[in-house]
Structures are given as structure tokens and as C-alpha cells.
Amino acid sequence: MFYLKLAQRNIRQSFKIFAPFLLATVMMFVLNFILASITFSPELDKLDIKSVAVVLIIGQIILIPFSIGIEIYAYRFLLKKRSREFGLYDILGLGKNQITLVALLELLLIWFVTVVLGTIVGVILSKFLFLVFIALIGGNYFNLTFLSWSFVMPTLIALTSFVILAFISTWALRHNSSLTLLRAESHGEREPKSRSFLALIGILLLGVGYYLAITIKVGTFIVVTFAGAVLLVIVGTYLFYVAFTIWYLKQQKRGRRYYQPEKFITINSLLYRMKQNVIGLGNITILVTMAIVTLVTTVMLQAGLKQNMMANMPFTTELIAMNTGETSIGNVTEEQFDRLLSLTEKQTQVDLKKGIQYVDYGTTSVKLTHGKHVTVKHIMSSDSQSGVTNVQLVSRDTLIKLGNKLPKLAPNDIFIHNYAGEFNPKTINWFGQLLRIKGQTAHVKNYATQSLVGNSTMIVTANDTQTKRLYQRMTFDADGYSIAQRKLVIDLSKNDNQNVVKAFKSMNDNTAPVSLLVSDRFALLKEGQAYSGGFLFIGFTLGLTFIIGAALIIYYKQIAEGEQDKEAFRILQEVGLSEKEVSQTINSQIRLLFFMPIVVAVIHFAGAYIMISKIINVFGINNETLMLSVSGGVILLIVVMYYLIYKVTSHSYVKIVQRHV
Amino acid sequence: MLLEVNHLAKVFKTRFSKETTTALRDIDFSIETGEYIAIMGESGSGKTTLLNILATLERPTNGIVSLNGTNITRIKANDLAKFRREHLGFVFQDFNLLDTLNVRDNIYLPLVLNRKPVQIMQERLHTLAPLLHISELLNKQPFELSGGQKQRVAIARALMTQPDLILGDEPTAALDSKNSDRLLTLFEQINDEGQTILMVTHSSVVASHAKRVLFIKDGMIYHQLYRAERSTSEFNKEINLAMSSVLGGN
């Protein structure tokens, strides 16, 4: 009991020393909590998108060791500050065992406070973020619910790191005599040696990581490759910082301008703390990179999904009729369809004459071989196999009706339009019908594109009759074709759209075997937004988590260094450094540390750029300009946030360091 | 006259109460170039406050301090640092070396702040290092040095600017007697070369190496003694005598 009281009293009395450590442990707990509660949220399955899981798992893989690392860093700082006190206890006659016990009890108390405080802050913060998000997005598809795992996971992580801390403190107290404990605070680092070997390994790892990222291929191993590349780049970053910064500073020391007040002091104090700096800079860089990657990916997904939807729905409204009965009946006739349309017109008083009518023969997955002469005989059941291309059969007539300009074609000639892939043979044998390819069309507008997964190609035939013949050839010879649909596409106002859609669908009950369907861009957009809103929430929370993590490290770095530099700046001022020069020195020191991580993070992001664009390409998003501007915007945002963090935290540094004469 | 102190007074006010503490009442003395002066007093006598004012680290409530005819209590805050590094040298009780710099750079520091060319730094160090027996230490880090070595490095740093006046604040307090003796002899040597030195101390042994001793108590100078041709031990006895009679002990 006595020792517990002593531990309690220690914490209360030296709260100023304990506070930054507690801040670190609570913050890490909160971050782990938020990440865990998203990862374990049962609603996550609804989103059914693998990359979210990948991002979350990678986030967790990085966050766990990172949070343990930062807690160790914070604790060692605390231990160093307190070793004088422990040394005093030792000299006053409290045995090593008892001192260790007190230190362990202190840790236990702090762990308890961390869990309680962290849970409260975590629940409030994540709920708050979620509410803000819902307010911004409108509806929600993803709902944040806490399972017991969201609480257990961060508690376990905190426990693990505190057990490590307990070992560290026991070791430190056992292996130091009371006298070294008393003096521990004034002990310095030896000036680091240049390490060209580490530099080489660092650059090698970075190179391999970048290479993996740039040459990544969409496939089963994408997750493993991604994670591998990330890991290599992380290790490479630390090594790079160790080697490069030491090399750079040594180089500066050799330079002719070394003996200038600003450089002189800055270079030396940076060199003096290089090991600490390296870890801090590495952590900041990686977190900032993660934040950029996460935000770019989610914003791209959000923006891209919307853009895809517009490409898939060039008109606001599609009215569709198709024969779902016996195949022998054939397609819905033009007369049948016109009758349905005029009934709709009568009922809604909306003019549908402006609309364009055509037959959509759907999309067919086939295997297109390489070579000059290609034969197609089978329809594939899945489009996710390699080498499979999704083919649309469209007549030149239809495309011209939709506002495209195309040269005339002889009956058995076709044009090829590739959405993705480079299919360009001389002839195709299409289920027994030989077709000659007259060329490629560069651009097709107003025709609903299909999903862009894998390769997709459009075959443009001479006229409607020819399309119908090719379709029939296919349906005679193979199974699994899509049913042809008769379609009216038209741009309507939101209100007219709603009425028309309702009226058209209501006739569905008495038209069997003909089924009536509608596509309504307004409704789809609304649904899509709620869906991708969930994404955005996860992305922004993750991004924020990484930024908070970086902010925490920066803050910790500033106060830790402030404490260390306090003495140095006091001496400098007494020797004759004016207050103005002190702040100049501080600024030049801060500037270097400010720019390095952000520059390296942007370089890392550039390395990941191709990988990211390939991953979002899986979702059918393929827009280079959008990706560039989104990346630029996100980087700008992060730089601004980072700058603000630095401004605020460097203020706390200056406050500690500066002494007014 | 190198340094003149007239009617110097310092009153401290605590920030939140109206209580005041008078550290210095009315101090008058002057120093000529080449002198070696010790200011003696018990703790709480005001000697550290006096030193801080002479060092321009604190401003007096009243009175004038002039160094070479410049009233240093009127120097603008922005110019103080420049004044310090151009005219004064410091030797502190706890050495005040920068851990981040090696010994050589610690010694160069004041001249770097003065933006002096490297050549001058090298020349001055070249003459100072053998005198202070630190030639072998130049590439070490401060934490590798003993207390006596650290203080010799600090003295080298103070001498680098060739200051008008060296101020010492209990420079031997953190040293053992052997190192302390060595250092005090060193100060005498430096003084013989013409360097003016002023130090505050509570130790008669330390004071006995000076040429003149000023006794301070309750913020006033009560007495002074000249060493003249006496040996340090004789002078030490006389200082002790003066201490008990003039300052009165208990």
C-alpha cells in the first residue's frame, strides 16, 4: 500500500513531467480505438470493397508498432527526467527492488488512466467525427457501431506496450548505479559516425520498394506486393534518414560557411540528437505519406465512382422493355414499345418524343486471342478470368442516332472501339460470321459504357440488321448471352423523371412476358453517394488518425527537445546570443525538420502513385487528370495542416527555451 | 577607470505580492585595468545579484555602472547580447559548456557569434591552448572531460574575445581542492598578462589569490583589503580575520 501511495504521489506531484507521457499513451490509445472500431464494425461488410480492408489492415499493422514505439520514446524521456529522483531514493536507502516496484506501480496507474481516458475520448471523438460526416454527406450507408473488440484491441495494444515499458524501466533501474542515475540527465550522445553502408542499404530498399510499387500488377498478389513495398519503403526511410542526414550535416560541418552563428549552432545540435531525430523524422514521414495515400485514394474513389456513374448513364432516364419469356418470342417490337411509351406520355403529360430509341444487345464476355485473325466461339461465364474481354455489339445507326459521327460501313465490315485494352486484329470470326475490321473509333459518346473491369471493347456494325444477325448467331451457338433490350434514353428534369419512371414501371404488372425496367440517374446518384460516403468517412478518419499521430510526434519532439535545449540556449544567451538570434537559430533548426519529412513524404507518394492508380483502376476509375488534381489538392491540404501543427508546437518549444533577460 | 559602480541598488518585487526584497542597497566601487578583484560575501549578501548586473543579465533599480565610460545599465535590450559578447567574458560555477559542441567549437563559440574569421579563432586558440593545458582536449566532447578540464575550457572561451573584463561566479565551487588551486594559479597568470578579472566567491581561499578583496553584506560594501606583496596564505589569514571582525559572523 505504501508503495502504491508513493507511486500515486509521484504522479500527482510531478504531473508536469508525466503529462506528455500520458498524452502520448492516451492519444495512441484513441487512434488504435478509432481504427479498431472501424475495422471491427459489422457494417463494414456492407461496403464489400476489398481495398478498404487492405487499407485498414495496413493501417493497423503500421499503427501498432508505431504506437508502441512512440510510447517507448515518451517513456524513456520520462525515465531520463526521473532518474535523478530514483537515484536519490536509492541513496536515501530505498532498495532497488522497492524503487522498481514504485516505477512499475506508476506504470500500472498510468495504464489504467490511459484505458479509461482513452476509451472516453475515443468514443466521443469517433462519434463526433461520424456525426460531422453524416451532416456533410447526408444519408448514410455505413454505420459506426462499437463491438467489444473495439475496446479490447486498443486495451491489449496498450497493455503490450506497457509490459515492454515495465521491462525497460526494470532494466534501466537494475543496470545503473545510483550515481549514474543521479547524473543520467546530463549524459549526451556521442557524435554519430557516417554510415555509407547503411545509406547503401537504405537506398537499395527504397529502390526495390519503389520498383515493386511501380511495376505492380492487378491480381491475387496485389495485397502482398503492396504490403511488401510499403514495408521496404518504411525500413528504407529510416535507414535513409540515418545515413543521409548524418552525411549531410557532416558535409555542412566541413563547409566554409560552417563558422556562422546560425549554422554553427543548428548543425551541432542536430548532429547531437541525430538518433532521436531519425526516428522522429521517419515516423512523421511515414504517417504523412499514409495520410496522403489514404486521402487521395478515398477522394478518388468518391469522385471516380460519381464520374463512372455519369459515363454509365449519359441520360437522366432510361426506359427499358425486354422479353423475359420464351426465347422464341424474340425481342420486344418497336410497335409494342411505342404503345407503352405513348401510354406513359398520356399518363404523365411529359413529352417523350425527344428521346432516342434503340436496341441494346448487352455485354458479352468472350475470349479474344492475340493475332491478326481472331475466332470467337464461346461465351465465358465470368469476366474476371484473365484474357477475357467484355464485348458490346452496337450498330452504326444507333451510335449516329446518339450523336456520333462515323463513316459508312459495308455489311460485313466493323469498327472496333476499345475502352480498355488494345484489341486490333484484321478479321474476327464471330460465331461463324466473318467480319473485317475497318479501323478503330477514337471516341464514342452518349452510349452507356459498361463496367471497366478488365478489357472491354465495342464492336460497331454497319447497321441494325447486321447487329441483330450477329446477336442471333451468338444466341444459336452459345449459352449465357444477355437478353436484348429495347431502350428509350432521354434527359428529363428531376420532377418529370420521377413521374415518368413511376408511370412506366406501374405498367409492368400487365405486360408479361415483357418486363419493364428503368434506370434513373437521380436515384442512382443518391444511393451511390450514401455508399461512397461510408468510404469517405473511413478514409478521412484514417487520414486524420495519421495526421494526429504525426502531430503528436512533432509535439513530443518539440517539448522533449525544448527541455534539452533550454540549458543550451540559456548558456548561449549568457555568452552573448541575442533573443532575436535565438529565435533565428530556432527557426532555422525547425525549418529543416519541417521540410524534410514533407518532401520525402511527397516523394514516397510519387512512388506509390502508379500503384494507387492501378488499385483504383480496379474499381473502374481511370482518370489521369482527376487523379493529378486530387493528389495536388490533398498534398496542399496536408502541407497546410502540417504547417499549422508545426506553428503551434514550435510555439511550445520556443516557450520552453526562451529566457527573457 | 575601467569599471565604475555608483550608488547601485536592486530591489526585487514578487509578482503577486507587494513584498519587496532589497538585494543591493548602495554599492560604490571602481576597478582599473589590470586589476584582479574578489567580491566576498555570504550567501544572500547580494554578491550574485551584483555580478548579474555587471554581466548585464539583470538591470539595477537604481545607480550607474559604466564600463570604459559606457553606462551599461542604459544599453537597449536588443544590443545587450552584442555588448556582452564584445566586452565581457564569463566563467561560471557550472562551466556552462554546450554539450552539443566539441571542445574546440565551444571555445570558438563567442567569436563565431561575433562573425570573426576562422583564421583569427585559430590564432587565438593556438596561443591560449598551451597556456590552459587544453591542447589535447580540443576534439573531445564536454561530457568526456573532468570538472577541472571543463573549467579550463570555459576560461579559454572567455578569453577568446579578449574581453575588457572577465567575470567569474564561484568558478572553483564545483572543483576539488587540487583542481581549484590549479585554476586559481591560472587566474593569477592570466591577470599577470594584463587581463582584468572580477569574481564573486564566499571562500577566503579563493579570494586570497586576488589583488584586492571587497566585502559585501546586506547589499552594501563594508570593507576592502589589498594583498600587496603578501603571500596567499598570509592574505587568506587576514581575509578570515576581516570576515569575523567586520562581517561579524553570528
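In the block above lies the structure referred to throughout.
Residues numbered from 1 in each chain as written. Chains lettered and ligands numbered in written order. Predicted model: local features only at pLDDT ≥ 70, side-chain atom pairs only at ≥ 80, totals over all residues. Heavy atoms only, no water.

**So, the overall build of chain B**
To keep it simple, the criterion reads: A helix here means a DSSP run of H or I that spans at least four residues, while a strand means a run of E at least two residues long, and both kinds are numbered starting from the N terminus. The buried label applies to any residue whose accessible area, calculated with a 1.4 Å probe on protein chains only, is under 20% of its type's maximum; exposed applies above 50%, and partly exposed to all values in between. Throughout, a residue-residue contact means that at least one pair of heavy atoms, one from each residue, lies within 4.5 Å.
When helices and strands are tallied, chain B shows eight helices and ten strands. When the 250 residues of chain B are sorted by exposure, 54% land in the buried category. A sequence separation of at least 24 residues applies to 69% of the contacts in chain B between residues at least 6 apart.

**A short note on the environment of Ser583 of chain A**
Residue and element names in this part refer to chain A. Tracing the backbone through its elements, the reader meets Ser583 in helix H17 (residues 579–617). What makes Ser583 partly exposed here is its relative accessible area of 25%. Separated by 321 residues in the primary sequence, Ser583 and Glu262 place their C-alpha atoms 10.0 Å from one another.

**Some words on the interface of chain A and chain B**
Many analyses report the size of an interface as the accessible area lost when the parts associate. We apply this condition: Put simply, buried area is the surface a 1.4 Å probe can reach on two separate parts but cannot reach once they are joined, added for both. Salt bridges are counted wherever a side-chain nitrogen of Lys or Arg sits within 4 Å of a carboxyl oxygen of Asp or Glu. Polar contact is defined as a pair of N or O atoms within 3.5 Å, subject to the rule that within protein one atom must be able to donate a hydrogen and the other to accept it, and that residues adjacent in sequence are counted only when both atoms are side-chain atoms. Ten residues, namely Ala, Val, Leu, Ile, Met, Phe, Trp, Tyr, Cys and Pro, are considered nonpolar, four, namely Asp, Glu, Lys and Arg, are considered charged, and the remaining ones, Gly among them, are considered polar.
On the chain B side, the residues contacting the 31 residues of chain A number 29 residues. For the pairing of chain A and chain B, the buried interface totals around 2,600 Å² over both sides, and the portion due to carbon and sulfur atoms is 62%. Broken down residue by residue, the surface that chain A buries against chain B is led by Tyr259, Glu574 and Val575 of chain A, which jointly contribute 25%. Connecting chain A to chain B are zero salt bridges. For the pair chain A and chain B, the number of links is three residue pairs in polar contact (both at pLDDT 80 or more). Counting residues per element, the ones that place at least two in the side of chain A that touches chain B are helix H10 (261–272) and helix H16 (521–575) of chain A. A per-class count over the side of chain A that touches chain B returns twelve nonpolar, nine polar and ten charged.

**Describing the pattern of salt bridges**
When their charged atoms lie close together, side chains carrying opposite charge are able to pair. Overall, the coordinates contain eleven salt bridges over all chains when judged by the stated rule. Put simply, Arg212 of chain B and Glu35 of chain B hold a salt bridge, and the shortest N to O gap is 3.0 Å. In this pair, Arg212 of chain B sits in strand S9 (residues 212–217) while Glu35 of chain B sits in the loop between strand S2 (20–31) and strand S3 (36–40), placing the two residues 177 residues apart along the sequence. Take Glu35 of chain B: its relative accessible area is 16%, and that puts it in the buried class. Between Glu86 of chain B and Lys82 of chain B there is a salt bridge; the shortest N-O distance is 3.3 Å. Taken as a pair, Glu86 of chain B and Lys82 of chain B lie in helix H2 (residues 77–87) at a separation of four residues, close to a single helical turn. We classify Glu86 of chain B as partly exposed; its relative accessible area is 34%. Among the charged side chains, a salt-bridge network with shared partners connects Arg82, Glu85 and Glu106 of chain A.

**Considering the environment of Lys401 of chain A**
Residues and elements named next belong to chain A. As for its position among the elements, Lys401 is in helix H13 (residues 396–401). Taking C-alpha positions, Lys401 is 8.5 Å from Tyr358, a pair spaced 43 residues apart along the chain. In this structure Lys401 touches Ile356, Gln357 and Tyr358, once residues within four positions along its chain are discounted.

**Thoughts on the packing of aromatic side chains**
Residue and element names in this part refer to chain A. Put simply, the test is: Aromatic pairing here means that ring centres of Phe, Tyr or Trp (its six-membered ring) are within 6.5 Å. Orientation follows from the plane angle: under 30 degrees is stacked, over 60 is edge-to-face, and everything else is tilted.
The tally for this structure, following the rule as stated, stands at 19 aromatic pairs over all chains. With 6.1 Å between their ring centres and 55° between their planes, Phe21 and Phe162 make a pair best called tilted. One end of the pair, Phe21, is in helix H2 (residues 15–39); the other, Phe162, is in helix H6 (residues 148–174), with 141 residues separating them in the sequence. Here Phe21 matches Phe162 in class, with each residue buried. Residues Phe244 and Trp247 carry aromatic rings whose centres are separated by 5.9 Å and whose planes lie at 35° to one another, so their mutual orientation is tilted. Note that Phe244 and Trp247 are positioned in helix H9 (residues 222–254) at a spacing of three residues, about one turn of the helix. Members of the aromatic cluster, connected to one another through ring pairs, are Phe240, Tyr241, Phe244, Trp247 and Tyr248.

**Considerations on the sheet that holds strand S3 (residues 363–367) of chain A**
Residue and element names in this part refer to chain A. We apply this condition: Only when DSSP finds a minimum of two bridges between them are two strands counted as paired. Interaxial angle, 0 to 180 degrees, is taken between N-to-C directions of lines fitted to C-alpha atoms, where a helix line uses only the stretch in contact.
Overall, mixed pairing links the seven strands, which are arranged S3-S5-S9-S6-S8-S7-S4 in an open sheet. Each having just a single partner strand, S3 and strand S4 (373–376) make up the two edges of the open sheet. In this sheet, adjacent strand axes meet at a mean angle of 35° when their direction is disregarded. Where strand S5 (residues 388–395) and strand S9 (residues 455–461) come together, seven bridges link them in parallel fashion. Bridge pairing in S9 links Leu393 to Ile459. Set on the sheet, helix H14 (residues 464–477) makes contact with S3, S5, strand S7 (427–430), strand S8 (433–440) and S9; between it and S5 the angle comes to about 140°.

No statement about biological role is implied by the geometric values presented.
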